[in-house]
Structures are given as structure tokens and as C-alpha cells.
Amino acid sequence: MSLFKNIFGHSETDKIVSKVNWIPLSDLGKINEVKEVSHEKTVVIFKHSTRCSISRMVLKQFENEYNLENKLELYFLDLLEHRDISNEIANSFGVVHQSPQLIVIQNGVSVYNASHESIDVNDLGRFV
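Everything in this summary refers to the structure shown in the same document. (Residues numbered from 1 in each chain as written. Predicted model: local features only at pLDDT ≥ 70, side-chain atom pairs only at ≥ 80, totals over all residues. Heavy atoms only, no water.)

**Remarks on the environment of Asn-113**
Residue placement: Asn-113 occurs in strand S5 (residues 109-115). Take Asn-113: its relative accessible area is 35%, and that puts it in the partly exposed class. With sequence-adjacent residues up to four places away left out, Asn-113 is seen in contact with Val-95, Gln-101, Leu-102 and Ile-103. (Helix = DSSP H or I, 4+ residues; strand = E, 2+ residues; numbered from the N terminus. Buried < 20%, exposed > 50% of the residue type's maximum accessible area, 1.4 Å probe, protein only. Contact = heavy atoms within 4.5 Å.)

**Quick look at the pairing of strand S4 (residues 101-106)**
Along S4, five of the six residues are buried, which leaves the element largely enclosed by surrounding structure. Note that strand S2 (residues 43-48) and S4 share five bridges and pair antiparallel. The residue of S4 that forms the bridge with Ile-45 is Ile-103. Bridging between S4 and S5 involves six bridges; their strand directions are antiparallel. (Pairing = 2+ DSSP bridges.)

**Description of the packing of aromatic side chains**
Scanning the entire structure with this criterion turns up seven aromatic pairs. Geometrically, the ring pair formed by Trp-22 and Phe-76 is tilted, given 5.4 Å between the ring centres and 55° between the ring planes. Here Trp-22, found in the loop between helix H1 (2-8) and strand S1 (23-24), pairs with Phe-76, found in strand S3 (residues 73-78); they are 54 residues apart in sequence, far enough to count as distant. Side by side, Trp-22 and Phe-76 carry an identical accessibility label, which is buried. Here Phe-46 and Phe-76 contribute two aromatic rings whose centre-to-centre distance is 6.4 Å and whose plane-to-plane angle is 5°, an arrangement assigned as stacked. Note that Phe-46 is positioned in strand S2 and Phe-76 in strand S3, a separation of 30 residues in sequence. Of the two residues, Phe-46 and Phe-76, neither departs from the other in class, the shared state being buried. In this arrangement the basic side chain of Lys-35 is found over the ring face of Phe-93, its NZ or CZ atom lying 5.7 Å from the centre. (Phe/Tyr/Trp six-rings, centres within 6.5 Å; stacked < 30°, edge-to-face > 60°. Lys NZ or Arg CZ within 6 Å of the ring centre and 35° of its normal.)

Rendered as C-alpha cells:
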């Protein structure tokens, strides 16, 4: 049983412990905050499905490799709990919904997005 827990997680309510200073994206009003902040600093939204082992693997890899401390504003969306926010992100920024997904916002618009194994921390350096 513990092998499956290590691969797939303990439950859908697992809390994510991270060295990355994520800003929770937990209400629709934060989308306006993202747009405003993106005029001063590049914003990254990471959309994560807590039930998906691929999403969990990509998230862990991203967090382990992230090295742009204080250069980006990092927002985290648990899309299973906040599907309405995920839908509004797709609508507001003109991106097709995927999970896991990384979206880069500058000056109120999406300038880059990637999903699944295409998510690479090294790609973010060009947006700093």
C-alpha cells in the first residue's frame, strides 16, 4: 500500500509542502490581481490537478528546479477545488485549459504557456 501512496499520493486532500513561495489562487478576484501585478512583475500561474500523478510529478520537478527567487510572482491553482477560476483563466488569458499547466502573464496578457512534460523552469529565465 505504501508504494501506491508514494506514487499516487495519500489522498486527494494532501497538502502540498513546497520550498516555492506560492500565492494561492483561490478566488475569482485574484485574476484581477494577477493582471495588475503583471504590469510590474512577471506572473506565473501553475495549474495543478491534485488527483493526477503526472501533474504531481511535474509540480515536484518544477519546485525542485526553481531558482528564480523573488524575480517572479508565482500563483498556484488547485484546479479541482477551483474549476471556476481555471475556466476564467482560460477565458481571460485566451489559453486552452490543460493540467498541469504553466502560464506566464506580462502586462495583463498571457505571453507563454506550457503543459505536461513541456513545463520547464529554464524557460522562465527569458521572462525575468
